[in-house]
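The residues making up each chain are set out below.
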Amino acid sequence: MYKRLSFCLLNFTLLSSIPMSSQTIPEGYVLIYEQNFQSAKAFEDFRFSDPEVWKLNKIKENRFLEFTTDSIGYTPAYYSPKNICILSGHIFGEFILEADIMQPAKEYENGDICVFFSVKDSMQYYYVQLANIADAYNHGIFLVKKDSCKKVSSDQNNGINLSDAKWHKVRIVRNIVNRTVAVYIDNMNTPSITARNPELVMGYIGFGSFDDDGRIDNIKIWAPTSIPDEATFFYKKTIP
């Protein structure tokens, strides 16, 4: 992956710890969405920045959503993730998301997989970037807003080994009352990344990367409620 440009500025504000329980689903939350990609009809739930780089693949009998390399059909107006798919039928505020992620066997200097939330459109959203290396421009929670991108996470671990070609469990807990986000990676007891930021609230959820290969499976989203609404940005994928 090429080096993150300097205008993704690190927010050095130190925040107090954010206690988040990852053991149970809170009372009042229901399973709004679940997807294991066993059917090609799964594509109907998503919109893609570049549909050509997304496909369904499988290992033995397990099917999953896969995206490949750098998108050639979509170039953001400024530096931000290129490969993006969004779950287009639901707008979420508060939610708990779980998913399995993997990068295929490949030498990555600093591979990444992103999870998007509070997506307003193609130029306003948060993304959680899970990367091999944690620094000012990689591995954390970022805010993309109009013509800027800044890191808003207050605490994070040293990165995740995405070069091991293994599935990793990710859990994201979003509290809109406190404007907090906690990201759990493999260890569901202790958050690996946390942030508090009030700028964006409701929006779509999605997955992708800056410019790497990746796989997504077993998506589950719990929430008190969601707003049914079909996104009008990005593109549907034609089912063969």
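These figures come from a predicted structure and were not determined experimentally.

## Re unusual backbone geometry
Here is step 1: We note that Phe37 has phi near 60°; this positive angle belongs to a residue other than glycine.
Here is step 2: Within the secondary structure, Phe37 sits in the loop between strand 2 (30–35) and strand 3 (46–48).
Here is step 3: Taking the relative accessible area as the measure of exposure, Phe37 reaches 1% and is therefore buried.
Here is step 4: One non-glycine residue, Arg179, lies in the positive phi region at around 60°.

## Focus on the environment of Asn36
Here is step 1: Positionally, Asn36 belongs in the loop between strand 2 and strand 3.
Here is step 2: C-alpha of Asn36 to C-alpha of Phe64: the two residues are 28 residues apart in sequence and 6.7 Å apart in space.
Here is step 3: Setting aside chain neighbours within four positions, we find Asn36 in contact with Arg63, Asp217 and Asn218.

## Description of empty space enclosed by the protein
Here is step 1: Across all of its chains, the model carries one cavity of 30 Å³ or more by this definition.
Here is step 2: The computed volume of the largest cavity comes to approximately 30 Å³.
Here is step 3: As for the largest cavity, its lining consists of Phe117, Tyr126, Ile141, Val152, Arg174, Arg179, Val181, Ala195, Arg196 and Asn197.
Here is step 4: Looking at side-chain class alone, the lining of the largest cavity contains six nonpolar, one polar and three charged residues.

## Side note on the pairing of strand 15 (residues 193–196)
Here is step 1: Looking at chain direction, strand 12 (residues 153–156) and strand 15 are connected through three bridges and run antiparallel. When the sheet's bridge partners are listed, Asp155 is paired in strand 15 with Thr194.
Here is step 2: As defined by bridge partners, strand 14 (residues 180–185) adjoins strand 15 across four bridges and the pair is classed as antiparallel. Its bridge partner being in strand 15, Thr180 is matched across the sheet by Arg196.

## Focus: the confidence of the model for the protein chain
Here is step 1: Taken as a whole, the protein chain shows an average pLDDT of 86; of its residues, 88% reach a score of 70 or greater.
Here is step 2: Within the model, pLDDT remains below 50 along residues 1–22, and this stretch shows 57 contacts once partners closer than five positions in the same chain are excluded.

## With respect to the nonpolar core
Here is step 1: Formed by 42 residues in total, the largest nonpolar core has its most connected members in Val183 and Ile219.
Here is step 2: In this structure, Ile219 is in contact with Tyr33, Glu34, Gln35, Phe37, Phe46, Leu97, Glu98, Ala99 and Phe207, ignoring residues within four places of it in sequence.

## Here we look at the environment of Pro81
Here is step 1: Of note, Pro81 is situated in the loop between strand 5 (62–67) and strand 6 (83–92).
Here is step 2: Classification of Pro81 by relative accessible area gives buried; the value is 0%.

## Structural notes on the pattern of salt bridges
Here is step 1: Summed over all chains, the structure comprises eight salt bridges.
Here is step 2: The residue Glu230 makes a salt bridge to Arg47 at a minimum N-O spacing of 3.6 Å. Placement of Glu230 in the segment after strand 18 (227–228) and of Arg47 in strand 3 is noted, with a sequence separation of 183 residues between them.
Here is step 3: Given the relative accessible area of 40%, Glu230 is considered partly exposed.
Here is step 4: For Glu66, the salt bridge goes to Lys55, with nearest N and O atoms at 3.6 Å. In this pair, Glu66 sits in strand 5 while Lys55 sits in strand 4 (residues 54–59), placing the two residues 11 residues apart along the sequence.
Here is step 5: A residue is classified by how much of its surface remains accessible, and Glu66, at 6% relative accessible area, is buried.
Here is step 6: The network of salt bridges with shared partners includes Arg47, Glu230 and Lys236.

Reading the values: the criteria
- Residues numbered from 1 in each chain as written.
- Predicted model: local features only at pLDDT ≥ 70, side-chain atom pairs only at ≥ 80, totals over all residues.
- Heavy atoms only, no water.
- Helix = DSSP H or I, 4+ residues; strand = E, 2+ residues; numbered from the N terminus.
- Buried < 20%, exposed > 50% of the residue type's maximum accessible area, 1.4 Å probe, protein only.
- Contact = heavy atoms within 4.5 Å.
- 1 Å grid on protein atoms, 1.4 Å probe; cavity = no way out; pocket = protein on both sides within 12 Å on 5 of 7 lines; lining within 4 Å.
- Points joined across faces, edges and corners; volume = space filled by probe spheres on them.
- Nonpolar A, V, L, I, M, F, W, Y, C, P; charged D, E, K, R; others polar.
- Pairing = 2+ DSSP bridges.
- pLDDT = per-residue confidence, 0-100.
- Core = buried A, V, L, I, M, F, W, Y, C linked by side-chain atoms within 4.5 Å.
- Salt bridge = Lys/Arg side-chain N within 4 Å of Asp/Glu carboxyl O.

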